[in-house]
Amino acid sequence: MGITRGFTGGARRGGDTRLPPGQYDTGAGWPVLSAELTPQVDLDEWTLTVDGLVDRPTTWDWRGIHALPPSSYFGDIHCVTTWSKFDTTFSGVSVDALLQVTGVRLEATHVFATSTTGYTTNLPLSDITDGKAWIVWEFDGKPLTAEHGGPVRLLVPHLYFWKSAKWVTRLELRDHDEQGFWERNGYHDRGDPWLEQRYQGDA
Amino acid sequence: MSEAGTEPTRTEAIASSWTTAIVREVDRSTAGFVRLRLEVADRQDHVPGQHYVLRLRAPDGYTAQRSYSIASDPADPLVELMVECLPRGEVSSFLHDVVEVGDELEARGPIGRWFVWGGTTPSICVAGGSGVVPFVSMLRYARRTGTDAGLTVVASAQTRARLPYADELESAGAFIALTRENQPLPDGSERVAAHLYPEEIAALADGVERAYVCGSVGFVSFVGRILGEAGVRSDMVRVEQFGPTS
């Protein structure tokens, strides 16, 4: 494609190697994007279920999930709407810790995450194992706010952030891939920001 | 949550690729906004509510891209975008300050199949400020196809001058709520400057099966609450929100 007449890059321009292609640094801000109203989830009623192709389907409540070994992510996050946020800290538990409890059946290849709102997203199992994904309830040491997916969201920071389902309540392991909410509505099935897999049709 | 695909849509091919958009009209008559009318090569029809991504490319290959809601009717030969100029907005300020008729931009779309109205579901659309843009597309489509009885548009802004398409919205029967300016009403009285009242929303939302809310995070949260009080369940509400939060 040709050069845009008169465009050299604006104030956002960093040339930072931490920025995936087409992204900008949002700085201290953290934009809120969601397709539905923010639900108010009662911690006394909150649960997370991991089921499907596992040996021991398991449901954790708020107290139960806190009994698992804590784990944190420190690093960057990237939204498909082109902002990236550097040096975030999220705390909770590693998805690996959950799968250690449930076991994973050999035929499992994908995971389908569901939120209390009905929001869904699909991921290859390999994108949520081996230290790549978390279930988190703290951001920068404070409880994760509802608008950012609190009390508990999925965190898969190496993929565009719509994969990090807010208000997550279930991870179902499957032997096939099925598109989730945004994936059905035009967004990419995998969403690797370094490959700019934003929309259906991207390589 | 129901699926977006339950309504007839004409975007069967959802995979879009980058193409060229030639700027055919530039209108800066609304302060803080630029209205662009684009001739999009290999254009796919859109459904009202969808958006385009515009990408700018610097001589050294650096690119910046942002999404903008479509304001035009799908039958319009051009694609119309109404872009709000944001402080430090790398793309919006370029579009506002630099772009001229005849310029070529990279474009991709239409994108998004959730925040769309296909003309059949009785709906209320509530916008804060520039959030009105997708609803202008819905209104234009509804008026052309004679389906406007099923579409109620509510637009809130600080002042009339800051509400894009204010005249068009008003003549199409949209309800306008200004928060910092009293507003003359047809009966000679005034609507005193205020946020939307729950009673106003309740009357307008009567009988709707879906609500679309587009605006800042705070606005969407506020409207979600008063829609709930009016009996619109949260699973009937589709949201598009923008703007930063701390």
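Residues numbered from 1 in each chain as written. Chains lettered and ligands numbered in written order. Predicted model: local features only at pLDDT ≥ 70, side-chain atom pairs only at ≥ 80, totals over all residues.

J.: How should I be thinking about the overall build of chain A in this particular structure?
T.: Assigned secondary structure in chain A consists of three helices and 11 strands. When the helices and strands of chain A are read in sequence order from the N terminus, they spell out β-β-β-α-β-β-α-β-β-β-β-β-β-α. Relative to a compact globule of 203 residues, whose C-alpha radius of gyration would be 17 Å, chain A shows 17 Å and is just as compact. If one aligns the C-alpha atoms of chain A with their principal axes, the spans along those axes are about 60 × 35 × 30 Å. (Helix = DSSP H or I, 4+ residues; strand = E, 2+ residues; numbered from the N terminus. Rg over C-alpha atoms; globule rule 2.2 N^0.38 Å.)

J.: For this particular structure, what's the right way to read the overall build of chain B?
T.: Along chain B, the regular secondary structure elements total five helices and 13 strands. For 246 residues, the compact-globule estimate of 2.2 N^0.38 gives 18 Å, and the C-alpha radius of gyration of chain B, at 18 Å, lies within 12% of that figure. Projected onto the principal axes, the alpha-carbon positions of chain B cover approximately 55 × 40 × 40 Å.

J.: Any chance you could explain the domain arrangement of chain B here in plain terms?
T.: Residues and elements named next belong to chain B. Each assigned domain of chain B is listed here: domain 1 (4-111) and domain 2 (123-242). Using only C-alpha atoms to locate each centre, domain 1 and domain 2 end up separated by 23 Å. Residue-level contacts link 15 residues of domain 1 with 12 residues of domain 2. When grouped by side-chain class, the residues that make up the side of domain 1 that touches domain 2 number eight nonpolar, five polar and two charged. (Domains from an automatic or database assignment. Contact = placed C-beta atoms within 7 Å. Nonpolar A, V, L, I, M, F, W, Y, C, P; charged D, E, K, R; others polar.)

J.: Sorry, what's going on with the pairing of strand β8 (residues 134-139) of chain A here?
T.: Consecutive side chains of a regular strand alternate in pointing toward one face of the sheet and then the other. Residue and element names in this part refer to chain A. By the criterion of burial, β8 is predominantly enclosed, with five of the six residues buried. Where strand β5 (residues 83-94) lies against β8, five bridges are found, and the strand directions are antiparallel. Residue G92 lies in a different strand from β8, and its bridge partner there is V136. Alignment of β8 against strand β10 (residues 153-155), held across three bridges, turns out to be antiparallel. Paired with V136 across the bridge in β10 is R153. If you look at the hairpin formed by β8 and strand β9 (residues 142-143), you'll find two residues sitting between the two strands, and D140 has a positive phi there, around 45 degrees. (Buried ≥ 20, exposed ≤ 12 C-beta atoms within 10 Å, placed from the backbone. Pairing = 2+ DSSP bridges.)

J.: Quick question: what am I supposed to make of the nonpolar core here?
T.: One recurring pattern in soluble globular proteins: nonpolar side chains tend to sit buried together. A:I135, B:L81, B:C125, B:V154 and B:A211 are the most contacted members of the largest nonpolar core, which totals 117 residues. Looking at this core, the element that brings in the most residues is helix α2 (residues 133-145) of chain B, giving seven residues. Domain assignment of the residues forming this core places at least three in each of domain 1 (4-111) and domain 2 (123-242) of chain B. Those residues in contact with B:L81 that sit more than four places away from it in its chain are B:L36, B:L38, B:Y52, B:Y68, B:I70 and B:A71. (Core = buried A, V, L, I, M, F, W, Y, C linked by C-beta atoms within 7 Å.)

J.: What should I look at first to understand the sheet that holds strand β7 (residues 120-124) of chain A in this one?
T.: Hydrogen bonds between backbone atoms are what pair the strands of a sheet, whose relative direction is either parallel or antiparallel. Residue and element names in this part refer to chain A. Strand order in the open sheet made by the five strands is β3-β2-β11-β6-β7, with mixed pairing throughout. The open sheet has two free edges, formed respectively by β3 (58-61) and β7, since each of these has just one partner strand. Across the sheet, the mean angle from the axis of one strand to that of its neighbour is 15 degrees, orientation sign disregarded. Across five bridges, the pairing between strand β6 (residues 110-115) and β7 is antiparallel. The partner of V111 across the bridge, within β7, is L123. (Axes fitted to C-alpha atoms, helices over the stretch in contact; angles between N-to-C directions.)

J.: When you look at the interface of chain A and chain B in this model, what are you seeing that I'm missing?
T.: Reports often express the size of an interface as the amount of accessible area lost when the parts come together. Taken together, the contacts link 38 residues of chain A with 42 residues of chain B. A class-by-class count of the residues in the side of chain A that touches chain B yields 14 nonpolar, 18 polar and six charged.

J.: So what exactly am I meant to see when it comes to the environment of B:R113 here?
T.: Residue position: B:R113 is located in the loop between β6 (104-111) and β7 (123-128). When the C-alpha positions of B:R113 and B:S216 are compared, they lie 20 Å apart, and in sequence the two are 103 residues distant.

J.: Help me out: how do you make sense of α2(B) in this one?
T.: Given 3.6 residues per helical turn, the α-helix brings residues three or four places apart onto the same face. Residues and elements named next belong to chain B. Look at α2: 19 Å from first C-alpha to last across 13 residues, which is about the 18 Å you get at 1.5 Å a residue. α2 sits mainly inside the fold: 10 of its 13 residues count as buried. Residues of α2 that are buried: V133, P134, F135, V136, S137, M138, L139, R140, Y141 and A142. Of the residues trailing α2, G146 is marked for its positive phi of about 70 degrees. (Expected span 1.5 Å × (residues − 1).)

J.: Hey, could you run me through the pairing of strand β2 (residues 47-52) of chain A in this one?
T.: Residues and elements named next belong to chain A. As judged from the four bridges shared by β2 and β3, these two strands associate in the antiparallel manner. Considered in β3, the bridge of T47 is made with D61. Turn length for the β2-β3 hairpin, with the two strands adjacent in sequence and antiparallel, is five residues. Here four bridges tie β2 to strand β11 (residues 168-174), and the two strands are oriented parallel to one another. Note that in β11 the partner of D51 across the bridge is E172.

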